[in-house]
Amino acid sequence: MNDINNLINSINHFRDERNWRQFHNPKDLAISISIEAAELLEDFQWKSSESALDSNKENIQEEIADVLIYTLMLCSDLELDVEEIIEEKLKKNGEKYPSN
């Protein structure tokens, strides 16, 4: 968990140095996650996965990073423990979709 907290601290430090926190309320962060996810989808639109990765891998990586950055900022601002909420969701999914 320490690595995730260090990453969140780095992201928040970057944001705070630029005085962007004022623009990053939960609603706008959620919107930004959706927008960045849509930009990620554009890299795959009308292509096979292999073709998209061959032609857009760098941009795909950047869009994934954007989604993760906004998501980690939102978790931080809502004081959510990333590891805990993922483990809870995996447990629920395991109950809902048991393995064979």
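Residues numbered from 1 in each chain as written. Predicted model: local features only at pLDDT ≥ 70, side-chain atom pairs only at ≥ 80, totals over all residues. Heavy atoms only, no water.

A. View of the environment of Tyr97. Assignment of secondary structure puts Tyr97 in the segment after α4 (82-96). In sequence terms Tyr97 and Leu40 are 57 residues apart; their C-alpha atoms lie 27 Å from each other. (Helix = DSSP H or I, 4+ residues; strand = E, 2+ residues; numbered from the N terminus.)

B. Broad picture of the pattern of salt bridges. Under the definition given, this model contains 5 salt bridges. Notably, a salt bridge pairs Arg21 with Asp16, separated by 2.9 Å at the nearest N-O pair. The class for Arg21 is partly exposed, based on a relative accessible area of 35%. Given a relative accessible area of 40%, Asp16 falls into the partly exposed group. Residue Asp77 is joined to Arg21 by a salt bridge in which the shortest nitrogen-to-oxygen separation is 3.2 Å. (Salt bridge = Lys/Arg side-chain N within 4 Å of Asp/Glu carboxyl O. Buried < 20%, exposed > 50% of the residue type's maximum accessible area, 1.4 Å probe, protein only.)

C. Summary view of the nonpolar core. Grouped together as the largest cluster of nonpolar side chains are 10 residues: Ile8, Ile11, Leu29, Ile33, Val67, Leu72, Met73, Leu74, Cys75 and Val82. At the level of elements, α1 (2-17), α2 (26-44) and α3 (49-77) are the ones that each hand at least two residues to this core. Per-element accounting of this core gives the leading share, 5 residues, to α3. With sequence-adjacent residues up to four places away left out, Ile11 is seen in contact with Ile69, Leu72 and Met73. (Core = buried A, V, L, I, M, F, W, Y, C linked by side-chain atoms within 4.5 Å. Contact = heavy atoms within 4.5 Å.)

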